[in-house]
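Tertiary structure, described
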Amino acid sequence: MTELSLLTWALVVAALVLGILAGHFGWGKRWPVSLKQLHPDYLTGLDYLVTEQPDRALDMFLKLMDANADTIETHFALGSLYRRRGEVERAIRIHQNLLARATLAPEHREQALLALAQDYLRAGLLDRAEGLFQQVSEVPRLRASALDALRLVYERQHDWQQALGAFRHLQHIKAAPPLKVAAHYLCELAALAMERGDAMGARQLLREARAQSSPLPRAALLRAQIAQTEAQPQLAVRLLRQALTEAPELLQEELPHLLELVGPQARDLVLVELVAQAESRDIGELKRLVFAAIAAGLVDAPPLRASIERVFSQDATLKAVWRADPVQDAHTVHEIGALLANAEKYRCIECGFSGRNFYWHCPACHAWASFEAYAIVKLR
Ligand SMILES: [Zn+2]
């Protein structure tokens with residue numbers, strides 16, 4: 001057993017013991033009591049827990065729960081712990097067992113329904129989770145938790161309209177997440193409208209998105225796509241430049257697209273402007289541009305030579321491979337370009353998930369706009 005899981009179980013053991021004490025004696029009535037006064041089966045259950053026999057431990061606790069109505073909170077704690085550890089089936093058993101009790105107080109029944117819905121969400125049983133969260137959202141005390149979870153269910157189902165509806169309900173009770181979340185729902189809806197060929201509808205949705213949260217580089221990117229399909233390349237370039245200024249982490253993804261839009265004659269002019277813009281900010285941004293350019297096969301573009309040299313000769317890690325020898329250094333930069341082609345380029349700053357593709361919605365932790373350009377961070 002790792003140190004962490006030992007600690008976690010120690011906390012549950014503490015919770016169980018406190019729960020039992022509270023249950024048997026009431027807080028402060030006959031305190032303290034010795035462990036000898038506890039039901040011996042509880043100690044057996046604890047023994048199963050610490051010897052890593054969780055199913056036998058669970059059977060024991062479920063059996064005892066029927067005999068003792070006062071340890072409900074402890075079982076909620078145990079169920080929640082199982083869920084967090086990813087042992088969702090055990091959490092479901094605990095909460096279903098609670099709900100099967102005829103004598104369960106209404107507030108405990110509602111709490112058990114919410115917990116069971118969270119188990120279903122964690123298990124990916126979205127339809128069941130949705131039904132239960134809807135039911136629990138009628139309970140004023142639990143409304144905010146249930147609606148927020150319902151919003152997550154709709155996100156997983158890619159039902160952006162319903163997710164937005166849940167967001168609005170949460171706003172109404174002053175429990176909404178940051179506005180950028182609603183802006184991303186609107187961007188998702190705009191992308192769907194674009195797929196249907198409804199450019200006017202998409203533009204309206206993007207206006208609403210920008211009204212929620214600004215700057216919103218994703219909206220500029222989508223508007224650039226609309227402009228491109230409507231044969232307005234200059235507008236597309238302007239919007240794409242705007243998106244890259246607002247979100248430089250998109251450079252790796254969008255630089256080839258931008259250069260394709262401006263065409264070969266204007267390529268160097270645009271690169272000069274991008275270099276000037278990055279220089280005016282900081283070395284980190286210049287590094288991002290240099291790596292995006294290297295990954296895009298622009299190692300030999302004249303406007304980038306000085307920037308490549310500056311980044312490689314000044315960076316704490318890169319200067320180890322920089323020889324101030326034009327032939328050798330050009331070779332090094334080409335090699336790094338080849339490495340970048342297969343590198344994991346992005347990482348979620350919320351959960352650490354990394355991969356070669358950029359996502360607005362992290363596939364692992366479901367955070368919005370949480371990706372950073374990772375290869376650069378790694379080489380820094
Ligand atoms: Zn994440």
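The structure displayed is predicted, hence computed values, not measured ones. (Residues numbered from 1 in each chain as written. Predicted model: local features only at pLDDT ≥ 70, side-chain atom pairs only at ≥ 80, totals over all residues. Heavy atoms only, no water.)

**Things to note about the coordination of the zinc ion**
Coordination of the zinc ion by the protein comes from Cys348 (SG), Cys351 (SG), Cys362 (SG) and Cys365 (SG), over a distance range of 2.3 to 2.4 Å. Every donor counted, the four donor atoms about the zinc ion form angles of 107 to 112° at the centre, which fits tetrahedral coordination. Mapped onto the polypeptide sequence, the residues donating to the zinc ion form the spacing pattern C-x2-C-x10-C-x2-C. One end of the pair, Cys348, is in strand β1 (residues 346-348); the other, Cys365, is in the loop between β2 (354-355) and β3 (371-373), with 17 residues separating them in the sequence. You can call Cys365 partly exposed: its relative accessible area is 30%. (Donors = N, O, S within 2.8 Å, 3.2 Å for Na, K, Ca; no water. Tetrahedral: all angles 85-135°; square planar, octahedral: opposite > 155°, others 65-115°. Helix = DSSP H or I, 4+ residues; strand = E, 2+ residues; numbered from the N terminus. Buried < 20%, exposed > 50% of the residue type's maximum accessible area, 1.4 Å probe, protein only.)

**Side note on the side chain of Arg241**
Among the structural elements, Arg241 can be located in helix α13 (residues 233-246). In terms of polar contacts, Arg241 uses its side chain to reach the side chain of Glu273, at 2.7 Å. Dropping the residues within four chain positions of it, Arg241 is found in contact with Leu258, Val270, Glu273, Leu274 and Gln277. (Polar contact = N/O pair within 3.5 Å; in protein donor to acceptor, adjacent residues only side chain to side chain. Contact = heavy atoms within 4.5 Å.)

**Considerations on the packing of helix α5 (residues 88-99) against helix α6 (residues 106-123)**
Viewed as axis vectors pointing N to C, α5 and α6 meet at an angle of 155°, and their least axial separation amounts to 9 Å. As summarised for this structure, α5 and α6 are arranged roughly antiparallel, according to the angle between their axes. Remark: the crossing between α5 and α6 carries left-handed chirality. Contacts between α5 and α6 involve Val88, Ala91, Ile92, His95, Gln96, Leu98 and Leu99 on the former and, on the latter, Arg109, Ala112, Leu113, Ala115, Leu116, Asp119, Tyr120, Arg122 and Ala123. A per-class count over the contact of α5 with α6 returns 11 nonpolar, two polar and three charged. (Axes fitted to C-alpha atoms, helices over the stretch in contact; angles between N-to-C directions. Parallel < 35°, antiparallel > 145°, perpendicular 65-115°, else oblique. Left-handed = near helix turned anticlockwise from the far one by under 90°. Nonpolar A, V, L, I, M, F, W, Y, C, P; charged D, E, K, R; others polar.)

**Quick look at the environment of Leu170**
In this structure, Leu170 sits in helix α9 (residues 160-172). The exposure class of Leu170 is buried, given its relative accessible area of 0%. With 22 residues separating them along the chain, Leu170 and Asp148 place their C-alpha atoms 7.2 Å apart. Setting aside residues no more than four positions away along its own chain, Leu170 makes contact with Ala144, Leu147, Asp148, Arg151, Ala175, Ala176 and Pro177.

**Details of the confidence of the model for the protein chain**
Put simply, the protein chain has an average pLDDT of 86, and 85% of its residues get 70 or more. Per-residue pLDDT stays below 50 along residues 17-35; that stretch engages in 22 contacts with residues further than four places along the chain or on separate chains. (pLDDT = per-residue confidence, 0-100.)

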